[in-house]
Every structure is written in structure tokens, then in C-alpha cells.
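Letter by letter, the chains look like this.
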Amino acid sequence: MIRTILKYTLLILAALSFIYPFIWMVSASLSSESGLGDLTLLPIDFTWSNYVTVFTKIPLDRAFLNSAFVAVVTTGLVLISGAMVGYALARLNFVGRDWIFYLIIFTMTLPFQITLIPNYITMVSLGWVDTYLALIVPFALNSLSILLFRQAFQSLPQALIDAARMDGAGELRIIFQILVPNVLPTVLTITILTFMGIWNEALWPLIVIRDETTMTMPQLVTLFSVGGRAEGQLGVKIAAAVLLAIPIVILYLFFQKHFIRSMASSGLKD
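These remarks concern the structure in this document. Each residue is numbered by its place in its chain's sequence as written, counting from 1. Under the rules for a predicted model, residues below a pLDDT of 70 receive no local features and side-chain atom pairs below 80 are neither given nor counted, while totals for whole chains, interfaces and linings still include all residues. The side-chain quantities take in all heavy atoms of the structure and omit both hydrogens and water.

### Concerning the side chain of Thr47
Phase 1: Helix and strand labels come from DSSP, where a helix needs a run of H or I of at least four residues and a strand needs a run of E of at least two; each type is numbered from the N terminus. Mapped onto the secondary structure, Thr47 falls in the loop between helix H1 (2–29) and helix H2 (49–57).
Phase 2: Relative accessible area decides the class of each residue, using a 1.4 Å probe on protein chains only: under 20% of the type maximum gives buried, over 50% gives exposed, and in between gives partly exposed. Using a relative accessible area of 19% as the deciding quantity, one classes Thr47 as buried.
Phase 3: Counted as a polar contact is a pair of N or O atoms within 3.5 Å, where, for protein atoms, one must be capable of donating a hydrogen and the other of accepting one, and residues adjacent in sequence contribute only when both atoms are in side chains. Looking at Thr47, its side chain comes within polar contact range of the side chain of Ser49, at 2.9 Å.
Phase 4: Note on definitions: a residue-residue contact is assigned when non-hydrogen atoms from the two residues lie within 4.5 Å. Excluding residues that lie within four positions of it along the chain, Thr47 makes contacts with Ser29, Leu30, Ser31 and Ser32.

### Comments concerning the environment of Leu184
Phase 1: Its place among the elements puts Leu184 in helix H10 (residues 184–200).
Phase 2: Taking relative accessible area as the criterion, Leu184 reaches 47% and is therefore assigned partly exposed.
Phase 3: Considered as a pair, Leu184 and Thr107 are 77 residues apart in the sequence and their alpha carbons are 25 Å apart.

### Quick notes on the packing of helix H8 (residues 158–166) against helix H9 (residues 171–179)
Phase 1: Axis definition: a line fitted to C-alpha atoms, limited for helices to the stretch in contact. Angles are taken between N-to-C directions and run from 0 to 180 degrees. At a minimum axis distance of 10 Å, the contact between H8 and H9 shows a crossing angle of 125 degrees. In this view, H8 runs oblique relative to H9, as classed from their interaxial angle. As H8 packs across H9, the resulting crossing turns out to be right-handed. Taking contact as the criterion, the partners of Leu160, Ile161, Ala164 and Arg165 in H8 are, on H9, Glu171, Ile174, Ile178 and Leu179. Under this scheme an angle from 65 to 115 degrees is roughly perpendicular, one under 35 degrees roughly parallel, and one over 145 degrees roughly antiparallel; angles in between are oblique. Here a crossing is called left-handed whenever its near helix is offset anticlockwise from the far helix by less than a right angle, and right-handed whenever the offset is clockwise.

### Here we look at unusual backbone geometry
Phase 1: Unusually for a residue other than glycine, Asp130 sits at a positive phi of about 65 degrees.
Phase 2: Secondary-structure assignment places Asp130 in the loop between helix H5 (116–126) and helix H6 (132–136).
Phase 3: You can call Asp130 partly exposed: its relative accessible area is 28%.

### Focus: the packing of aromatic side chains
Phase 1: Only Phe, Tyr and Trp rings are paired, with Trp represented by its six-membered ring, and only when their centres lie within 6.5 Å; those with planes under 30 degrees apart are stacked, over 60 edge-to-face, the remainder tilted. In this structure the tally under the stated criterion is eleven aromatic pairs.
Phase 2: Both rings, one in Phe195 and one in Trp199, keep their centres 5.9 Å apart while their planes meet at 15 degrees; by these two values the pair is stacked. One end of the pair is Phe195 and the other is Trp199, both in helix H10 and four residues apart, which spans about a single turn.
Phase 3: With relative accessibility at 14%, the residue Phe195 sits in the buried group.
Phase 4: Residue class for Trp199 comes out buried when judged on its relative accessible area of 1%.
Phase 5: Linked through ring pairs, Phe46, Trp48 and Tyr51 together constitute an aromatic cluster.
Phase 6: The ring of Phe101 is capped by Arg150, whose NZ or CZ atom sits 3.7 Å from the centre of that ring. Note on criteria: charge over ring means Lys NZ or Arg CZ within 6 Å of the ring centre, with the direction from the centre no more than 35 degrees off the ring normal.

### Overview of the nonpolar core
Phase 1: Put simply, a nonpolar core is a bunch of buried Ala, Val, Leu, Ile, Met, Phe, Trp, Tyr and Cys residues held in one set by side-chain atoms that sit within 4.5 Å of each other. In terms of nonpolar packing, the biggest core is built from 37 residues, with Val54, Leu60, Trp199, Trp204, Val208 and Met217 touching the most fellow members.
Phase 2: In this structure Val54 touches Leu60, Phe224, Val236, Ala239, Ala240 and Leu243, once residues within four positions along its chain are discounted.
Phase 3: Of all hydrophobic cores here, the second largest spans 20 residues; its members include Ala83, Tyr87, Val183 and Ile190.

### Side note on the layout of surface pockets
Phase 1: Taken as a whole, the largest pocket spans an internal volume of roughly 820 Å³.
Phase 2: Definitions used for this entry: grid spacing 1 Å over protein atoms alone; cavity, a set of points where a 1.4 Å probe fits but cannot get out; pocket, an open set with protein on both sides within 12 Å along at least 5 of 7 lines; lining residue, one with an atom within 4 Å of a point. Lining the largest pocket are 26 residues; nearest its centre among them are Thr107, Phe112, Leu141, Asn142 and Ser143.
Phase 3: Only helix H3 (60–91), helix H4 (97–107), helix H7 (143–154) and H10 provide two or more residues apiece to the lining of the largest pocket.
Phase 4: Three classes are used: nonpolar for Ala, Val, Leu, Ile, Met, Phe, Trp, Tyr, Cys and Pro, charged for Asp, Glu, Lys and Arg, and polar for all others, with Gly counted as polar. Partitioning the lining of the largest pocket into residue classes produces 17 nonpolar, eight polar and one charged.
Phase 5: Grid points are joined across faces, edges and corners, and a volume is the space filled by probe spheres set on the points. Estimated volume of the second largest pocket: approximately 250 Å³.

### Let's talk about empty space enclosed by the protein
Phase 1: Enumeration according to the criterion identifies two cavities of 30 Å³ or more in this entry.
Phase 2: Counted as a void, the largest cavity has a volume near 90 Å³.
Phase 3: Residue lining of the largest cavity: Ser67, Val70, Ala71, Leu135, Phe139, Ile198, Trp199, Glu201, Trp204, Pro205, Thr216 and Pro218, and that is the complete set.
Phase 4: The biggest single contributor to the lining of the largest cavity is H3, with three residues.
Phase 5: Residue classes in the lining of the largest cavity are distributed as nine nonpolar, two polar and one charged.

As C-alpha cells, then:
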């Protein structure tokens, strides 16, 4: 009994340590500039002026639509490409299959910053700077999605694929109509992780996008916070950060059950 109470006490304290900064951020965004020094959970001198200032000074609605479009399209491409490559590595026999898999695993260890200059040169050569293609194409293939799909497809019985082939189904139909519906927790996990990564990406858009009408929300909020438009008002910067975080929080709240289930059951085995 004592052990159970201690365990739940520690879990509650750990949860509060993670939740408190976000709650304070929301509270601070609704407080006056003079009340930001107090680490309270309730706004001091409640005001909406910080949010009004954000929407007045930067085209946040346009940036939101840009981010949503880029994140949704990129996530869809990651799911399609990851499912196809993962299926090939899990169920098809061809020369060099294992070496390709090991190479994909190796690429996961490389920081994205290493490929920034080659990718930027490629975007300039293709004439994709200041276009949505520059924001989408470099992220359309994801090593983690390939790995997760491969592991998920390996856990399914081969008889399922053999029966589909006997009925005349092609490989693409087997992947997207038979296998993918049987690994929905994995699909949702990849969706959340990819969408979150693309939505929060600020460094790459800062490099390839200069036209304000094409800027993503993280890029515009970053430029707003450090570029002078916020005029040193901390409350306005915090309000912009809250607006940036809200879509991710909503997405996770809707799919948290499937996300936790997938992460608990997708042990990496070969």
C-alpha cells in the first residue's frame, strides 16, 4: 500500500513538473507585462492585448494555413513512402535488402544540420526557393517511418499477404488496403511524430523561405520574437508561442490513446 502511494505520488509530481511550464505560459500570455515576473498559475491583470498585438503585427492566419498545408501534405507523403519502403524491406526478397535497411538506420544518426547546405544548393538549383516544394520534398521520406512500418509489417502473418495475392491483389493494394488498416496504431504514431516535427520546424524554413506570404508559423513566430516586431514585449512573445503550441496539443489529445498503445507494442526486433 505504501509503495503504491509513493509510486503515484512520484508520478503526479513528475506530471506536474512537465505540465506546469505550459500552464504558466498560457497564464503569462493573458497577463499584463508588469505581472510576468510572478510564477503564478492565474493571470495577473487579465488581458487579451498580447494576442491582439500578435495578430496585428504579423499575418499569423496566413502562416497558420501555410504550416497546416505543409504539415498535412508532408505527413501524407511520409506515410505513403514509409509504407511502401517498409513493406519492401519487410516482405520482399531482393539483393542488398539488409544493407539498404542498415543504411537507413545509419541515416537516423545523422543530424539534419549536416545536410542543410547540400539540400539548400539543391533547392536553389531546382528553383524551389520561396516555394512550398522546398518545405515539403526534403521531408517526404522519413527513416523512422520506414523503420516503424517495417517492424509493423513483419508482425503480421504471411498468410494474409499470400491470400491477397491468390485473389489477384497487386502489391500496392496489399499495402494500402490490407496491411495498413491492420497497423493503425503505427500509422497514427507516425502521423503524430511527423506532423509535430514538420509543424515545429523553424531552421529549414528560415533558410529557404524569404517571402512572408509563404512563411510557416514557427518561422514567422521566430522572426517576430527575435526580429524586433515584438518590441521587447515578453508577453507578446509568449502569446505567439502559445498559438504555435496549441495545434500540437490538440492533435495529441485526440490520438494519445493510439500513440501510447503503439509506442508500448512496437518493440524493435529483427
